[in-house]
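So you can see what is in the structure, the chains are spelled out below.
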Amino acid sequence: MQVPLLDLKAQYRPLKQEIMKAVDELCDSQYFILGKRVEDFEVKVAQYCGCKYAVGVSSGSDALLIALMVEGIGAGDEVITTPFSFFATVGAIARVGATPVFVDINENDFNINPDLIEAKITKKTKAIIPVHLYGQMAAMDKIMEIAKKHNLVVIEDGAQAIGSEYQGKRAGSFGDYGCFSFFPSKNLGGFGDGGIVTTNSQERYELLKMFRNHGASPVNKYLYKYIGGNFRLDALQAAILDIKLKYLDGWSKARENNADDYRELFEASKIGDRAVLPTRVKNATRHIYNQFCVLFKNDQRDNVKAGLMKAEVGADIYYPLPLHLQECFSYLGGKKGDFPVSEKVANQILALPIYPETTHEQRAYVVSSIEKIVLGQG
Ligand SMILES: *Cc1c(COP(=O)(O)O)cnc(C)c1O
């Protein structure tokens, strides 16, 4: 049996006709950049995320970048985030010239540990970027409380968490900005790059729209009040994503069911505590399982990954080297041991296939393959 880590073709097949019709219409219109297609989609995403506004942008990375730019965050400013995320979270901070300041994660949900944030706040701190990793939200109640107390901007990195909820409220609706990615492997994936920024502030909404179009005035496109960039979302992506948005809740529910199925299969296996399954945090009331990540103890992870490859099961490591240890951030002075939880998790974590179209038989095969490997029979 083969079980790929992700099979986007399985999702595309039943939607092909519907999507191709929309693509055909868009090509007939020859209207490719922003416009009504993008605006309609923005309204739907804002609604979906429980926010007033949404601004379509060119990628999740640019969503983070534009939020920082609109806030005027740059040289001399500090931005707090986690060293255990995709590169773009910290890359955006560095690209505006600000200094990333790391705070370690919790071992249970892999998200920023709110109890460690205040110790890192200085006079230079301007913002916090919590990441809702793998589809489960960070402790937004505590984070918002800290931000309020210290007058900090909160930019949620929800790239892996569209539709995820904390205490019944959606990702992107807590902070000043919610940043989302439509990279094809995210729960809502486009046919290329794309992203969106949500906000509840009308002022920020107007600024986001200007900044994504070089900072041009909305009334005279050759007058520039700000220096923005080209962060526009293609109408083609919006047309495709608009269709896929209708199916998103079904897909996220299927991922959750698959996670429950994995839990039962692991429970019934002889793997025991050699594998630690992802914790469901009580306040994180909706987990959308962009990834299903398991920790393997006793230096077994690489062994398990190699064994799964042999068994034709896709599995991957998100992320093998925490960001404070990356060469490009060496100027920040990070060293081994600085963020012990992130470092430990990076050595133990492995993502297993969780995409909606996987079958029970496939998951049973994944778990029995792991069982053989960790018990030394495979
Ligand atoms: C994917 C991702 C991004 C970047 O999104 P792109 O659309 O690929 O630019 C940022 N942060 C996190 C946590 C991500 O997973």
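Criteria and cut-off values
Residues numbered from 1 in each chain as written. Predicted model: local features only at pLDDT ≥ 70, side-chain atom pairs only at ≥ 80, totals over all residues. Heavy atoms only, no water. Helix = DSSP H or I, 4+ residues; strand = E, 2+ residues; numbered from the N terminus. Rg over C-alpha atoms; globule rule 2.2 N^0.38 Å. Buried < 20%, exposed > 50% of the residue type's maximum accessible area, 1.4 Å probe, protein only. Pairing = 2+ DSSP bridges. Right-handed = clockwise from strand over helix to strand, strands pointing away. Phe/Tyr/Trp six-rings, centres within 6.5 Å; stacked < 30°, edge-to-face > 60°. Core = buried A, V, L, I, M, F, W, Y, C linked by side-chain atoms within 4.5 Å. Domains from an automatic or database assignment. Contact = heavy atoms within 4.5 Å. Near = heavy atom within 4 Å. Polar contact = N/O pair within 3.5 Å; in protein donor to acceptor, adjacent residues only side chain to side chain. Areas by Shrake-Rupley, 256 points an atom, 1.4 Å probe, with all protein chains shown as cover. Nonpolar A, V, L, I, M, F, W, Y, C, P; charged D, E, K, R; others polar. Axes fitted to C-alpha atoms, helices over the stretch in contact; angles between N-to-C directions. Expected span 1.5 Å × (residues − 1). Bend = angle between axes of the 7 residues up to and from the residue. Disulfide = S-S within 2.5 Å. Buried area = accessible area lost by both parts, 1.4 Å probe. Salt bridge = Lys/Arg side-chain N within 4 Å of Asp/Glu carboxyl O.

A. Inspection of the overall build of the protein chain at higher detail. Helix and strand content of the protein chain: 11 helices and 12 strands. Rg of the C-alpha trace for the protein chain: 21 Å, near the compact-globule value of 21 Å for 378 residues, within the 12% margin. Dimensions of the protein chain, computed from the C-alpha atoms along their principal axes, are close to 70 × 55 × 35 Å. The burial tally for the protein chain puts 57% of its 378 residues in the buried class.

B. Examining the pairing of strand S3 (residues 99–102) more closely. Pairing geometry for strand S2 (residues 78–81) and S3, over 4 bridges, is parallel. Across the sheet, residue threonine 81 finds its bridge partner in S3, namely phenylalanine 102. Handedness of the crossover joining S2 and S3 through helix H5 (residues 87–95): right-handed.

C. Quick peek at the packing of aromatic side chains. For the structure on display, the rule yields 15 aromatic pairs. Ring geometry for phenylalanine 102 and phenylalanine 339: centres 6.0 Å apart, planes at 75°, overall edge-to-face. Of this pair, phenylalanine 102 sits in strand S3 while phenylalanine 339 is found in the loop between helix H9 (301–310) and helix H10 (340–348), placing the two residues 237 residues apart along the sequence. Taking the relative accessible area as the measure of exposure, phenylalanine 102 reaches 6% and is therefore buried. Exposure remark for phenylalanine 339: the relative accessible area of 10% places this residue in the buried category. Judged by centre distance (6.1 Å) and plane angle (35°), the ring pair of tyrosine 289 and phenylalanine 292 falls under tilted.

D. Spatial organisation of the nonpolar core. Judged by nonpolar contacts, the single largest core of 50 residues is most densely connected at Phe41, Ile80, Ile117, Ile128, Ile162 and Leu188. Where this core is concerned, the elements lending two or more residues are helix H2 (16–29), helix H3 (36–48), helix H6 (140–150) and helix H8 (235–268). Of all the elements, H8 adds the most residues to this core, at 9 residues. Viewed by domain, this core spans two of them, domain 1 (8–103 + 111–245) and domain 2 (248–374), each represented by three or more residues. Residues in contact with leucine 188, not counting those within four places in the same chain, are Phe41, Ile162, Ser181, Phe182, Phe183, Leu241, Lys244, Leu245 and Leu248.

E. Structural detail: the site of the ligand. Around the ligand lies a shell of 15 residues, among which Gly60, Ser61, Gln160, Ser181 and Lys186 are the nearest. Here an oxygen atom of the ligand and a backbone polar atom of glycine 60 are 2.8 Å apart. The separation between an oxygen atom of the ligand and a polar side-chain atom of serine 61 is 2.5 Å. For the ligand, whose free accessible area comes to 380 Å², the fraction covered by protein is 93%. Counting only elements with at least two residues in the shell around the ligand, the list comes to helix H4 (60–70) and H5. The residue inventory of the shell around the ligand, partitioned by class, reads 5 nonpolar, 8 polar and 2 charged.

F. Representation of the sheet that holds S3. Strand order in this open sheet of 7 strands is S1-S9-S8-S5-S4-S2-S3, and the pairing throughout is mixed. Because the sheet does not close on itself, it has two edges, and the strands there are strand S1 (53–57) and S3. Geometrically, the sheet is characterised by an average inter-axis angle of 25° between neighbouring strands, direction not taken into account. Pairing of strand S5 (residues 153–157) with strand S8 (residues 177–181), which is carried by 3 bridges, proceeds in the parallel orientation. Bridge pairing links aspartate 157 to cysteine 179 in S8. Lying on the sheet, H3 is in contact with S1 and strand S9 (195–199); it crosses S1 at an angle near 125°.

G. Inspection of H8 at higher detail. Taking 1.5 Å per residue, 34 residues should reach 50 Å; H8 reaches 48 Å between its end C-alpha atoms and fits that length. Maximum bend of H8: about 50°, positioned at tyrosine 247.

H. Examining the environment of lysine 126 more closely. As for its position among the elements, lysine 126 is in strand S4 (residues 125–129). On a C-alpha basis, the gap between lysine 126 and phenylalanine 183 in space is 28 Å, while along the polypeptide they are 57 residues apart. If sequence neighbours within four positions are ignored, lysine 126 has contacts with Ile73, Asp77, Glu78, Leu152 and Val153. A polar atom in the side chain of lysine 126 sits 2.9 Å from the side chain of aspartate 77.

I. Quick peek at the state of the cysteines. Inspection of the entire model under this criterion finds 0 disulfides. The cysteine cysteine 51 is free of any disulfide, with cysteine 49 supplying the nearest cysteine sulfur at 5.6 Å. With no disulfide partner, cysteine 179 has as its closest neighbouring cysteine sulfur the one in cysteine 51, 11 Å distant.

J. View of the domain arrangement of the protein chain. By domain assignment, the protein chain separates into domain 1 (8–103 + 111–245) and domain 2 (248–374). Taken over C-alpha atoms, the centre of domain 1 sits 25 Å from the centre of domain 2. Across the boundary between the two partners, domain 1 contributes 40 residues, which contact 33 residues of domain 2. For the domain 1 and domain 2 pair, buried surface summed over both sides reaches about 3,100 Å², with 61% attributable to carbon and sulfur atoms. Counting across the domain 1 and domain 2 interface gives 0 salt bridges.

K. Just the pattern of salt bridges, in detail. Within the structure shown, the criterion is met by 19 salt bridges. Between aspartate 242 and arginine 37 there is a salt bridge; the shortest N-O distance is 4.0 Å. Remark: arginine 37 occurs in helix H3 and aspartate 242 occurs in helix H8; sequence separation between them is 205 residues. Here arginine 204 ties to aspartate 176 by a salt bridge, and the two come within 3.1 Å at their closest N and O atoms.

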